[in-house]
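# Summary of structural features
Residue strings, one per chain:
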Amino acid sequence: MMNRTDLQRKISEILPEIELRFDEPMAKHTSFRIGGPAEVMAFPKNKEELAALLKTSTILDCIPAILGAGTNILAPDRGVEGLVICLKDCMGGMEQLDEVHIRVAAGVTMTRAAVFAAGLGLSGLEFAHGIPGTVGGGVYMNAGAYGGEICQVCQSVEVLCADGNVRNYTNQEMGFSYRHSILEEQKDIVLSAVFVLEKKPVEEIRGRMRELMEKRSASQPLDLPSAGSAFKRPVGGYAAALIDQAGLKGFRIGDAAISEKHAGFAVNLGNATAEDMQALLRQVSEIVYKNSGIRLEPEVRIW
Ligand SMILES: Cc1cc2nc3c(=O)[nH]c(=O)nc-3n(C[C@H](O)[C@H](O)[C@H](O)COP(=O)(O)OP(=O)(O)OC[C@H]3O[C@@H](n4cnc5c(N)ncnc54)[C@H](O)[C@@H]3O)c2cc1C
């Protein structure tokens with residue numbers, strides 16, 4: 001058997017039934033295609049397996065990192081020590097609860113949730129069609145696009161707390177604000193969310209989804225690895241416009257670059273490292289600040 005770290009050995013002994021991968025490249029699980037190996041990556045199939053993983057992490061004194069679809073993460077080149085719990089494609093399932101409510105599990109992508117709602121003639125998630133992250137990741141950071149935001153349609157969120165208890169937060173308790181929820185401080189794990197939607201003709205909803213997807217394809221560099229908007233929208237401006245005005249379209253450090261197509265996107269041109277990408281974000285923020293007096297903050301979560 002290959003040499004294993006203590007953590008790899010202990011987790012596989014305690015949880016033999018859970019799918020585990022050792023030294024799994026984060027680059028395979030992030031839309032930037034950047035990031036070194038995760039010491040242990042676990043793929044729980046349900047709440048019970050997730051709870052067992054959390055309990056084991058507490059016993060082993062290791063705080064797990066939660067990964068959805070990895071579409072808003074810059075993972076370090078040196079990799080991630082400890083445990084990464086990947087929920088995409090694991091925590092699945094969607095159901096209609098009544099005329100206007102659906103429940104969606106955390107690992108389902110927002111695009112699939114929007115397609116499911118549309119098929120039921122339920123409107124409200126059209127904006128989420130085309131956001132490549134999971135519902136868990138979307139709730140965590142209050143994802144939004146084209147005037148829509150998770151907080152406008154999310155009625156409640158079921159979470160698994162670090163003490164192993166399951167709790168339900170109301171929309172108000174989630175403390176949603178621009179690209180933020182209380183989960184950034186609390187570290188609870190989203191299990192599922194209930195959305196309250198509005199009845200509309202299926203064709204009208206699908207038409208709106210098609211329209212938004214066309215806008216995305218026309219304006220965003222969807223052919224290159226990115227994490228969507230690299231910076232949050234600052235007070236008093238738009239990140240893309242400020243970057244463009246500073247003459248930074250195409251600005252590049254190594255293979256990390258500001259997209260020529262959309263100045264709000266940082267893209268990986270091939271072999272960008274996390275170090276390149278972080279240096280790019282820092283320098284862009286600096287230059288924009290000198291040019292406009294407005295400080296840009298990364299939207300992408302830097303691990
Ligand atoms: C091409 C492209 C377009 C994009 N367009 C948009 C857009 O229009 N609007 C927008 O808002 N975003 C956009 N994004 C960014 C991204 O898709 C969203 O931020 C999305 O919400 C991230 O979800 P994820 O599952 O990928 O989360 P990840 O990137 O895996 O994780 C992001 C954060 O959420 C946490 N997290 C993930 N799942 C859970 C969970 N179940 N419980 C608790 N915490 C969790 C992680 O720990 C991490 O801190 C885009 C990205 C790309 C690549």
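Above this text sits the structure in question.
Structural notes, computed from the coordinates. (Residues numbered from 1 in each chain as written. Predicted model: local features only at pLDDT ≥ 70, side-chain atom pairs only at ≥ 80, totals over all residues.)

## A short note on the overall build of the chain
Counting secondary structure elements, the chain contains 9 helices and 19 strands. Relative to the globule expectation of 19 Å for 303 residues, the C-alpha radius of gyration of the chain, 20 Å, shows essentially globular dimensions. Viewed in the frame of its principal axes, the chain has a C-alpha envelope of about 55 × 50 × 30 Å. Taking all contacts inside the chain whose residues are at least 6 apart in sequence as the whole, residues at least 24 apart take part in 63%. (Helix = DSSP H or I, 4+ residues; strand = E, 2+ residues; numbered from the N terminus. Rg over C-alpha atoms; globule rule 2.2 N^0.38 Å. Contact = placed C-beta atoms within 7 Å.)

## Things to note about unusual backbone geometry
Its identity as a non-glycine residue notwithstanding, N142 has a phi of 50 degrees, on the positive side. Along the polypeptide, N142 turns up in the loop between α4 (135-140) and β9 (144-145). At Y146, a position not held by glycine, the phi torsion is positive, near 45 degrees. With respect to the helices and strands, the residue Y146 is situated in the loop between β9 and β10 (148-149).

## Digging into the packing of helix α3 (residues 110-119) against helix α7 (residues 202-219)
Each pair of packed helices can be described by the angle between their axes along with the distance between the axes. Running from amino to carboxyl end, α3 crosses α7 at an angle of 155 degrees, the nearest separation of the two axes being 8 Å. Overall, the two elements α3 and α7 adopt an arrangement that is roughly antiparallel. Judged by residue contacts, A114, A118 and G119 of α3 engage V202, I205, R206 and M209 from α7. Classifying every residue of the contact of α3 with α7 gives 5 nonpolar, 1 polar and 1 charged. (Axes fitted to C-alpha atoms, helices over the stretch in contact; angles between N-to-C directions. Parallel < 35°, antiparallel > 145°, perpendicular 65-115°, else oblique. Nonpolar A, V, L, I, M, F, W, Y, C, P; charged D, E, K, R; others polar.)

## Examining the sheet that holds strand β17 (residues 256-258)
Strand pairs in the sheet, formed through backbone hydrogen bonds, run parallel or antiparallel to each other. Judged by pairing direction, the sheet is antiparallel, and its 4 strands sit side by side in the order β15-β18-β17-β16 without closing on themselves. At either end of the open sheet lies a strand with only one pairing partner, and these are β15 (226-229) and β16 (252-253). In this sheet, strand β18 (residues 265-268) lies alongside β17 in antiparallel orientation, the contact comprising 3 bridges. Looking across to β18, one finds that I258 is bridged to A266. (Pairing = 2+ DSSP bridges.)

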